[in-house]
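# Chain and residue survey
The residues making up each chain are set out below.
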Amino acid sequence: MKNIEISQKYLLLVLNDKGRVSPIGSIRIRAFMVASGILELVLDDIISLSDNQVTVKQELPSDKDYLRSIYNKIATEKSIHLKKLGRELVSKRELFKELFNSVGDSLVELDIVTKTNGGMFGQSNHYIGSEDSKKQIVEQIRAELLEEGPVTTDTVVLSSLLIGSRILKNYFSKFEDKDLNDKLTILRNDTKNKEIFAMIDSISHTITTIIASVG
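Just so we're clear, the structure is a prediction, and the values are computed from it rather than from any experiment.

### Some points on the pattern of salt bridges
Side chains that carry opposite charge are capable of pairing whenever their charged atoms lie near each other. Tallied over the full model, the rule gives 13 salt bridges. A salt bridge links K64 to E5, with the shortest nitrogen-to-oxygen separation between them at 3.7 Å. Residue K64 is found in the loop between β2 (53-56) and α3 (68-77), and its partner E5 is found in the segment before α1 (6-14); the two are separated by 59 residues along the sequence. Residue E77 pairs with K84 through a salt bridge whose shortest N-O separation is 3.2 Å.

Given below as structure tokens:
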């Protein structure tokens, strides 16, 4: 499978067998979808996050166009509070739909999902991901977090997002889930990971607050 980014991996793993986000827990899944895009842009140094303020650092590269709905929201105000950004993207259906479709279409271009139309009058895009593609991502997480060896920042971030959205348990047993959390705790206590976990915690806390108020 081609290399894909955090938000693309996240969407692929949260899609149900109908190519949509399951209605059960959908607000939480949607909220962490937004978080995945924000974190991806921060890690790629396109935006910055400091004191819960999100600021544009550089133009959005063409290969990140699937995150334009997030980027444009920040760029319009030059700098925006994380909670305001998250709330608008999660609560405004059209904004989230734009993000969902853009990331989904980017996976279509990579031949990782198949696009179909569904819903009333066929007005909703569905993205059917192959089980093999999902398995490859899960196996990468399993190899890095359950075996000896280095752990990439992308895996730390993706795993944290899947835990926050309560999706990780769909792919790992209870025993594996415990071991994964134990490994993340060990990584969290390593001073070299302090910055990345602080950023994950900041976004996760804000997202959880938004879920409580929107859901």
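### Considering the layout of surface pockets
One number sums up the size of the largest pocket: a volume of about 350 Å³. Taken together, 13 residues form the lining of the largest pocket, with R20, R93, F96, K97 and S124 sitting closest to its centre. Secondary-structure elements contributing two or more residues to the lining of the largest pocket are α2 (26-43), α5 (93-109) and β5 (124-129). For the lining of the largest pocket, the element with the highest residue contribution is α5, accounting for 5 residues.

### Quick notes on the packing of aromatic side chains
Enumeration according to the criterion identifies 2 aromatic pairs in this entry. Here F96 and F100 contribute two aromatic rings whose centre-to-centre distance is 6.4 Å and whose plane-to-plane angle is 35°, an arrangement assigned as tilted. Of this pair, F96 and F100 are both found in helix α5, 4 residues apart, which corresponds to roughly one turn of the helix. An identical accessibility class is assigned to F96 and F100; each is buried. Here the aromatic cluster, defined as three or more aromatic residues joined through ring pairs, consists of F96, F100 and Y127. Just above the ring of F96 sits the side chain of R30; from NZ or CZ to the centre is 5.1 Å.

### A word on the sheet that holds β2
A sheet is described by the order of its strands in space; here 3 strands give the open sequence β1-β2-β3, paired in antiparallel fashion. Among the strands making up the open sheet, the edge pair consists of β1 (47-50) and β3 (79-81). Each neighbouring strand pair of the sheet contributes to a mean axis angle of 20°, computed without reference to strand direction. Judged from the 4 bridges that link them, β1 and β2 form a sheet pairing that is antiparallel. From the neighbouring strand, L49 faces β2, where its bridge partner is V54.

### Quick word on the confidence of the model for the protein chain
Looking at the protein chain, pLDDT values average 91 and 95% of them are 70 or higher. Per-element averaging of pLDDT across the protein chain places strand β4 (residues 113-118) at the bottom with 88 and α1 at the top with 97.

### Structural notes on the environment of K78
Inspection of the secondary structure assignment puts K78 in the loop between α3 and β3. Placed 110 residues apart in sequence, K78 and R188 show a C-alpha to C-alpha distance of 32 Å. Not counting residues up to four positions away in its chain, the partners in contact with K78 are V54, T55 and V56.

### Things to note about the nonpolar core
Within the largest apolar cluster, 65 residues are counted, with the highest numbers of intra-cluster contacts made by Y10, I38 and I47. The element contributing the most residues to this core is α2, with 10 residues. Filtering out sequence-adjacent residues up to four positions away, Y10 remains in contact with R28, I29, F32, M33, S36, L158, L161, L162 and S165.

### Remarks on the packing of α2 against helix α9 (residues 194-214)
A pair of packed helices is captured by two measures, namely the crossing angle of their axes and the spacing between those axes. Across the interface, α2 lies against α9 with an axial gap of 10 Å and an inter-helix angle of 150°. In terms of orientation, α2 and α9 fall into the roughly antiparallel class. As α2 runs across α9, the sense of the crossing is right-handed. Between α2, through I27, R28, A31, F32, A35, I38, L39, V42 and L43, and α9, the contact on the second element is made entirely by I196, M199, I203, S204, I207, T208, I211 and V214. Taken together, the residues of the contact of α2 with α9 break down into 14 nonpolar, 2 polar and 1 charged.

Definitions and cut-offs
Residues numbered from 1 in each chain as written. Predicted model: local features only at pLDDT ≥ 70, side-chain atom pairs only at ≥ 80, totals over all residues. Heavy atoms only, no water. Salt bridge = Lys/Arg side-chain N within 4 Å of Asp/Glu carboxyl O. Helix = DSSP H or I, 4+ residues; strand = E, 2+ residues; numbered from the N terminus. 1 Å grid on protein atoms, 1.4 Å probe; cavity = no way out; pocket = protein on both sides within 12 Å on 5 of 7 lines; lining within 4 Å. Points joined across faces, edges and corners; volume = space filled by probe spheres on them. Phe/Tyr/Trp six-rings, centres within 6.5 Å; stacked < 30°, edge-to-face > 60°. Buried < 20%, exposed > 50% of the residue type's maximum accessible area, 1.4 Å probe, protein only. Lys NZ or Arg CZ within 6 Å of the ring centre and 35° of its normal. Pairing = 2+ DSSP bridges. Axes fitted to C-alpha atoms, helices over the stretch in contact; angles between N-to-C directions. pLDDT = per-residue confidence, 0-100. Contact = heavy atoms within 4.5 Å. Core = buried A, V, L, I, M, F, W, Y, C linked by side-chain atoms within 4.5 Å. Parallel < 35°, antiparallel > 145°, perpendicular 65-115°, else oblique. Left-handed = near helix turned anticlockwise from the far one by under 90°. Nonpolar A, V, L, I, M, F, W, Y, C, P; charged D, E, K, R; others polar.

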